[in-house]
Every structure is written in C-alpha cells, then in structure tokens.
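Examination of the molecular architecture
Residues per chain, in single letters:
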Amino acid sequence: MPESRCLQGIWSSPWIFIFAASGSAVGLGNIWKFPYVLGENGGGAFLVVYCLCLLLVGLPVLIAEVALGRTVRSNPIDTVNDLSERRIVHPAWVLVPWLAGITGFLILTFYSVIAGWSIAYLDRAITGGFDNITQVGASSMFNELLATPSEMLLWHSVFMVLVVLTVGQSVTRGLSAVVRILLPVLVVTLLLLACYSMMIGNMSEALNFMFRWSWQNITFDVVLAAVGLALFSLSVGMGAMFAYGAYMSKRMSIARACSIVVGVDLLVALLAGLVIFPLVFSFDIDVQAGSSLTFVSLPIIFGNLLGGQFFAGVFFLLLVVAALTSAISMLELFVAWLHEKFYIARLKAALLMGMAVWFVGIAVLLSLNHWDSKLMFGLNLFELLDKFTSLILLPVGAILLSVLVAWFIPRPMLQNEMITKQANHFQWWYKTLKYISIPAMIVITLAGWIGV
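Here the structure is a predicted model, which means the values were calculated and not measured. (Residues numbered from 1 in each chain as written. Predicted model: local features only at pLDDT ≥ 70, side-chain atom pairs only at ≥ 80, totals over all residues. Heavy atoms only, no water.)

Moving on, we get to the overall build of the protein chain. For the protein chain, the count of helices and strands is 18 helices and zero strands. Expected size for 452 residues packed as a compact globule is a radius of gyration near 22 Å; at 21 Å, the protein chain falls within 12% of this value. Principal-axis analysis of the C-alpha atoms places the extent of the protein chain at approximately 65 × 50 × 45 Å. The buried share of the protein chain, taken over its 452 residues, is 61%. Once local pairs closer than 6 in sequence are excluded, the contacts in the protein chain between residues at least 24 apart make up 83%. A total accessible area of about 17600 Å² is found for the protein chain, and carbon and sulfur atoms account for 67% of it. In the protein chain, 22 side chains carry a positive charge and 21 a negative one; their mean positions are 16 Å apart. (Helix = DSSP H or I, 4+ residues; strand = E, 2+ residues; numbered from the N terminus. Rg over C-alpha atoms; globule rule 2.2 N^0.38 Å. Buried < 20%, exposed > 50% of the residue type's maximum accessible area, 1.4 Å probe, protein only. Contact = heavy atoms within 4.5 Å. Areas by Shrake-Rupley, 256 points an atom, 1.4 Å probe, with all protein chains shown as cover. Lys, Arg positive; Asp, Glu negative; His and termini not counted. Charge placed at Lys NZ, Arg CZ, Asp CG, Glu CD.)

Next comes the structure, spelled out in structure tokens:
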C-alpha cells in the first residue's frame, strides 16, 4: 500500500531531508554565534559540554520533533488537532505548535536583521572596505552600520525577499533545490577556508584552545550556555523540524537521519572555529570579544591579510548562505498551515508571513538607533526579543514538545514511525528523552531564569 502523502510533497530521498534539516540547523548559530560563545566560555571545556548536550539533549529532542511531524503528515498545528480529535492527546496541546511557530517568527524578525549585517559586510568585503583597517576603524564601521537604519533596512529587505521566494516554492522545487546546492557548497568552502586559516595562522594555539580542557573549567554557566546553543543551533523548539518531518518518507530511519544532521551541525561549527581562531591568535585578537568577534575583529584580520579581500568575501558569503538556509525553515510552519488550512498558494502565504516579519524587523533595526529606548529590564526591542526567545520560548517549546512525545503519544505509535530499525536504539532514545533530556532542560531553564 502506498504511503500517505503530505499536501506539501515528500522529500525525494533521505539525503534531501538531511540536507534540508541540516540547512535549518546550520546557520548564524554555527558560524557567528558558536565561535564567540566558545571564546567566552573557555574553549575546550565548553566544546566537551556542548557535544554532550547535542547527544543527550539536542539529538533526542530533534528525533521527537521529527517523529511527531511524521505521525499525521500535516502541518504541526493540524497534526496536534488531528491527534486530539482521535482522543490521543488533550486539545490544549495544540498550543505547543502555535508556541513553536510564534517562536520561529519572532526569532526571524531579528535574525533577518543580523543576516542583513552579513550582506552589508559582504558588500564591504568585495569593495575593499576592510583594506588596512584598524581596531578603531573596524569598531566605527560596525557602529556606523547600526546607526544607519536606511542601509540596514535595505539589506534586511533583500534578505527577506530571498527567504520569501525560496519558501514560496513547493517543497521539491524550493526548499530541496536550494539546500541540495547550498549546503554542500557551504561545508566544502568552510573546509577549504579552515585549511587556509590553519596554514597561515597560529594553528597550534587555536587547536590547544579549542580541544584542550580540564574539569575545573566546567561551570554551571558553561553548561547553561551549551544547552541553550545546542537547542538554538539545531532549530528545535520552533516547529521547523516538526514541519520537515511531515515531508519525510516512512521508509527513512528518523534516528539515522537526525544523527547525521547533528553531526553536520557540529562539523560546521567546528570548521567555523578552525577558520576564525587560528587567525584570531595570529593577530593577537581577544578571543572573548563576544558577538563583535565576527563583525569587528574579523575585518581587522582580513584587512591586513594577503588575499584578505577575497577570503573576506567568501567568509561573509558563507554567513549569508548559512543564514538563508536557517531562515527558510522559520517561516515553514505557518506557510504550510496557511496553505493546507485555507488553501492559500504557498507563494502568497510566504509573502504574507514575510511581510509581517519584515514590518516587525523594521522596528527591531530602529531599536538599535532612533528608537533605542529600554522597553523592559533595561533592554531595547532587539535585545528583548533575543533574550525572550532564547531564554524562555525556545526552551519552553522544546520541553513541552518533548513531554508531549515522551509521556502522551502512545509508545506503539512512535515505534510504528520507524524512528529506528533497532529495538535497543529505540529504547536508548525513549529513555534518554524521558529521563535525561527533559529533566536537564527543565533544571537548566529554571536555573537560568533565577540567575543561578
């Protein structure tokens, strides 16, 4: 009997799903955020904890989200509605996919602004704007960008047009076509850049910083940062993997596919570190520069490097590509829902959602200059959305979705989804999700809220 098909289509092969899910996972979190968080949290100690978090928290939650998406073959909202109509779960659980969709929407409103910075810096790199730049000049360049809303609006708009045009196509013509090309190009180019960086930079000190560690360096703050980055990096908790799971063939092993996705995600993060840290140590840049590491420190390095204009252009092009592959998944939940529920054409649905993100994004970018007022807790709109989504919405969404799968979806139903072909592997995933992933997320999230 042929398997049921989602209205959006089915990934044509397991590798297309892996490319799409990896593209969703691989984004600014890997190339922009991972290196500076690694630098702020002691290097190797953070990396060890981060890998454990990916294995014991990120992977089980990712499998749960994909498996739930494949149960009904519909968008996440209608999936949970269908399960409630069949009296499998309580109707109140429909709030979980709504929360996930809203989380992805809110993240995209400021994510697109940061992606716009990447396009702006790509433009500067190509036109030689980094040539012989100093620390003062690099800081001024970044501050001038933040103080120029018209330029940020231009690049924010360009990025959102790219996102809308991609999501507006069918799954087979849009998402799969883009990720099938862009993701391999991104990984191979990062690998070449990493090799070049280690050849001309301080490779030994970079490797020592990234991979040597001691137990004394592992603190609760390091664990908190690692769990938060693992959830953000894998795009769990915002419905993207939930939606992608609906397009997955029943013949695919969810566990195998998701394990490869986690592996690709970690590989890209490590390659980004191997691109940045040999150069950072070679030019004696502070590894704890924070979020400015990419947009202030790297222009100094590229601007004083032989062939720096070319390599700067390649790096910031990769940053734009990574941002695009993640951003298209953030719109997918609501676009799929509008298409299936109200029979709105995908392009029109993507345009409606994209316009909403674009308008909120204008307020976000203005909060960095003309509207730089502190709304709550001493934070402007940009900072507030970042903190609210990363500290509250993402972890809460991931926790609720994991609880739904682990404690309320019947176990035979999950086993029928062919999460894994090995019974012992299913046991490992099921018990890890129930007794390690969920408790760890709850404890660490609560501790983060109370400031432990």
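Here we come to a nonpolar patch on the surface. Together, Phe-388, Leu-391, Ile-392, Ile-442, Leu-446, Trp-449 and Ile-450 make up an exposed nonpolar region whose accessible area comes to about 650 Å². Put simply, the parts of the chain that give the nonpolar patch at least two residues each are α16 (381–408) and α18 (423–450). In terms of residue count, α18 provides more of the nonpolar patch than any other element does, four residues in total. Classification of Trp-449 as partly exposed rests on a relative accessible area of 45%. (Patch = residues over 30% accessible without salt bridge, like charges linked within 9 Å, V, L, I, M, F, W, Y side chains within 5 Å. Salt bridge = Lys/Arg side-chain N within 4 Å of Asp/Glu carboxyl O.)

What follows is about empty space enclosed by the protein. For the coordinates displayed, the defined rule picks out two cavities of 30 Å³ or more. A volume near 60 Å³ is recorded for the largest cavity. The wall of the largest cavity is formed by 13 residues, among which Ser-24, Ala-25, Tyr-111, Phe-232 and Ser-326 lie closest to the centre. Contributing elements (two or more residues each) for the lining of the largest cavity: α1 (14–25), α2 (28–40), α10 (220–233) and α14 (308–342). Of the residues contributing to the lining of the largest cavity, the split by class is six nonpolar, seven polar and no charged. The computed volume of the second largest cavity comes to approximately 40 Å³. What lines the second largest cavity is simply Leu-193, Tyr-196, Ser-197, Val-275, Leu-279, Phe-302, Phe-311 and Phe-315. (1 Å grid on protein atoms, 1.4 Å probe; cavity = no way out; pocket = protein on both sides within 12 Å on 5 of 7 lines; lining within 4 Å. Points joined across faces, edges and corners; volume = space filled by probe spheres on them. Nonpolar A, V, L, I, M, F, W, Y, C, P; charged D, E, K, R; others polar.)

Taken as a whole, this structure holds three salt bridges when the rule is applied. Between Arg-86 and Asp-82 there is a salt bridge, with its nearest N and O atoms 2.8 Å apart. Take Asp-82: its relative accessible area is 23%, and that puts it in the partly exposed class. In this structure, Glu-332 and Arg-346 form a salt bridge, with 2.9 Å as the shortest nitrogen-oxygen distance. Within this pair, whereas Glu-332 is found in helix α14, its partner Arg-346 is found in helix α15 (residues 346–366), the two being separated by 14 residues in sequence. We classify Glu-332 as buried; its relative accessible area is 0%. For Arg-346, a relative accessible area of 6% translates into the label buried.

This brings us to the layout of surface pockets. In this structure, the largest pocket encloses a volume near 1000 Å³. Lys-33, Tyr-36, Asp-386, Lys-387 and Ser-390 are, among the 40 residues lining the largest pocket, the residues nearest its centre. Where the lining of the largest pocket is concerned, the elements lending two or more residues are α2, α5 (95–126), α6 (135–146), α10, α13 (292–303), α16 and α18. Per-class residue counts for the lining of the largest pocket are 26 nonpolar, eight polar and six charged.

To continue, consider the side chain of Arg-346. There is a polar contact of 2.8 Å between the side chain of Arg-346 and the backbone oxygen of Val-167. A polar contact of 2.7 Å, which involves the side chain of Arg-346, links it to the backbone oxygen of Gln-169. (Polar contact = N/O pair within 3.5 Å; in protein donor to acceptor, adjacent residues only side chain to side chain.)

Turning our eyes to something else, we now look at the packing of aromatic side chains. For any pair of aromatic rings, the description consists of the separation of the ring centres together with the inter-plane angle of the planes. Applying the stated criterion to the full structure yields 32 aromatic pairs. One aromatic cluster is present, formed by Phe-110, Trp-117, Tyr-121, Phe-130, Phe-142, Phe-295, Phe-302, Phe-315, Phe-316 and Phe-382 through successive ring pairs. Its guanidinium or amino end placed over the ring of Trp-407, Lys-434 lies 4.1 Å from that ring's centre, counting from NZ or CZ. (Phe/Tyr/Trp six-rings, centres within 6.5 Å; stacked < 30°, edge-to-face > 60°. Lys NZ or Arg CZ within 6 Å of the ring centre and 35° of its normal.)

At a minimum axis distance of 8 Å, the contact between α5 and α14 shows a crossing angle of 160°. With respect to each other, α5 and α14 are oriented roughly antiparallel. The handedness of the crossing between α5 and α14 comes out as left-handed. (Axes fitted to C-alpha atoms, helices over the stretch in contact; angles between N-to-C directions. Parallel < 35°, antiparallel > 145°, perpendicular 65-115°, else oblique. Left-handed = near helix turned anticlockwise from the far one by under 90°.)

With that settled, the discussion passes to the environment of Tyr-244. Locating Tyr-244 in the fold gives a position in helix α11 (residues 240–246). Distance from Tyr-244 to Ala-440, taken between C-alpha atoms, is 26 Å for residues 196 residues apart in sequence.

On average, residues of the protein chain score 85 in pLDDT, and 93% of them reach the 70 mark or higher. Contacts from residues 1–5, a stretch scored under 50 in pLDDT, to residues over four places away or in other chains number eight contacts. (pLDDT = per-residue confidence, 0-100.)

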